[in-house]
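Residue-level structural notes
Below are the chains, spelled out letter by letter.
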Amino acid sequence: SLTSLNLSGNGLAETPFVNVSAVVGASFNEGDKVLFEGHNLTISVGKDNGRNPCNVKMFDSRGVEAIAYALTISPSLRTLDLSKNHLSGIKSGNMISPFWICNAD
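I will try to describe carefully the structure that is included in this document. Since this is a predicted model, take the numbers as computed values, not measurements. (Residues numbered from 1 in each chain as written. Predicted model: local features only at pLDDT ≥ 70, side-chain atom pairs only at ≥ 80, totals over all residues. Heavy atoms only, no water.)

Some points on the overall build of the protein chain
Across its full length, the protein chain carries one helix and seven strands. Secondary structure of the protein chain in N-to-C order comes out as β-β-β-β-β-α-β-β. For the protein chain, the proportion of its 105 residues judged to be buried stands at 32%. With the model as given, the accessible surface of the protein chain reaches about 6400 Å², and the carbon-plus-sulfur share is 54%. (Helix = DSSP H or I, 4+ residues; strand = E, 2+ residues; numbered from the N terminus. Buried < 20%, exposed > 50% of the residue type's maximum accessible area, 1.4 Å probe, protein only. Areas by Shrake-Rupley, 256 points an atom, 1.4 Å probe, with all protein chains shown as cover.)

In structure tokens, the structure reads:
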């Protein structure tokens, strides 16, 4: 059975950079609510990101929610590493409390 899982740095809570033409919203600044692929998301890296001004990143909780569900059906899991996944949501406000390594021992 699975006792240890390393999901560090897997982008569980944030989309890659996406062109704003694929995103529905009034503006595309950090913290703005937008619609992307039928999901309500929050801009985590806005157009003023110092890179391509037509690209943004969005906080997306679906990966985190899938991991949370998996934890409910994986009682043998003792160690889970979720570091480097930006689990605190956007920089200006915590949408999900960050936790980096959860050890059940």
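That shown, we press on.
Re the sheet that holds strand β4 (residues 39–45)
The strands making up a sheet are joined through hydrogen bonds of the backbone, oriented either antiparallel or parallel. The strand order across the open sheet formed by four strands is β2-β5-β4-β3, and the pairing between neighbours is antiparallel. The outermost strands of the open sheet, each flanked by one partner alone, are β2 (18–19) and β3 (33–36). Of the pairings in the sheet, the one linking β3 to β4 comprises four bridges and is antiparallel in character. From the neighbouring strand, Lys33 faces β4, where its bridge partner is Thr42. (Pairing = 2+ DSSP bridges.)

With respect to the side chain of Ser44
The residue Ser44 is located in strand β4 in this model. On the basis of relative accessibility, which here comes to 4%, the residue Ser44 falls in the buried class.

Thoughts on the nonpolar core
Core analysis: the largest hydrophobic core is formed by ten residues, namely Val18, Val20, Val23, Phe28, Val34, Phe36, Leu41, Ile43, Val56 and Met58. Taken together, the elements giving at least two residues each to this core come down to β3, β4 and β5 (55–59). Once residues within four sequence positions are removed from consideration, Val56 is found in contact with Pro16, Phe17, Val18, Val20, Val23, Phe28, Ile43, Val45, Gly46 and Lys47. Leu12, Phe59, Val64 and Leu77 belong to the second-largest nonpolar core, a separate cluster that totals nine residues. (Core = buried A, V, L, I, M, F, W, Y, C linked by side-chain atoms within 4.5 Å. Contact = heavy atoms within 4.5 Å.)

Observations concerning the pairing of β3
Of the two faces of β3, the one lined by Val34 and Phe36 is fully buried and the one lined by Lys33 and Leu35 carries no buried residue. Hairpin connection between β3 and β4: a loop of two residues separates the two successive antiparallel strands, and Glu37 in this loop has a positive phi of roughly 50°.

Some words on the environment of Thr72
Looking at the element boundaries, Thr72 is found in helix α1 (residues 62–72). You can call Thr72 exposed: its relative accessible area is 58%. Here Tyr69 takes part through its backbone oxygen, which lies 2.5 Å from a polar atom of the side chain of Thr72. (Polar contact = N/O pair within 3.5 Å; in protein donor to acceptor, adjacent residues only side chain to side chain.)

Description of the pattern of salt bridges
Side chains that differ in charge, positive against negative, can pair when their charged atoms come close. Scanning all chains against the criterion turns up two salt bridges. Two residues, Lys57 and Glu14, come together in a salt bridge whose shortest N-O distance is 4.0 Å. Highlighted residues: Lys57 in strand β5 and Glu14 in the loop between β1 (4–6) and β2, separated in sequence by 43 residues. For Lys57, a relative accessible area of 22% translates into the label partly exposed. In this structure Glu14 comes out as buried when scored by relative accessible area, which is 16%. Taking the shortest distance from any N to any O, the salt bridge between Arg62 and Asp60 comes out at 2.5 Å. Arg62 gets classed as partly exposed once you look at its relative accessible area, which sits at 33%. (Salt bridge = Lys/Arg side-chain N within 4 Å of Asp/Glu carboxyl O.)

The analysis is restricted to geometry; functional conclusions fall outside its scope.
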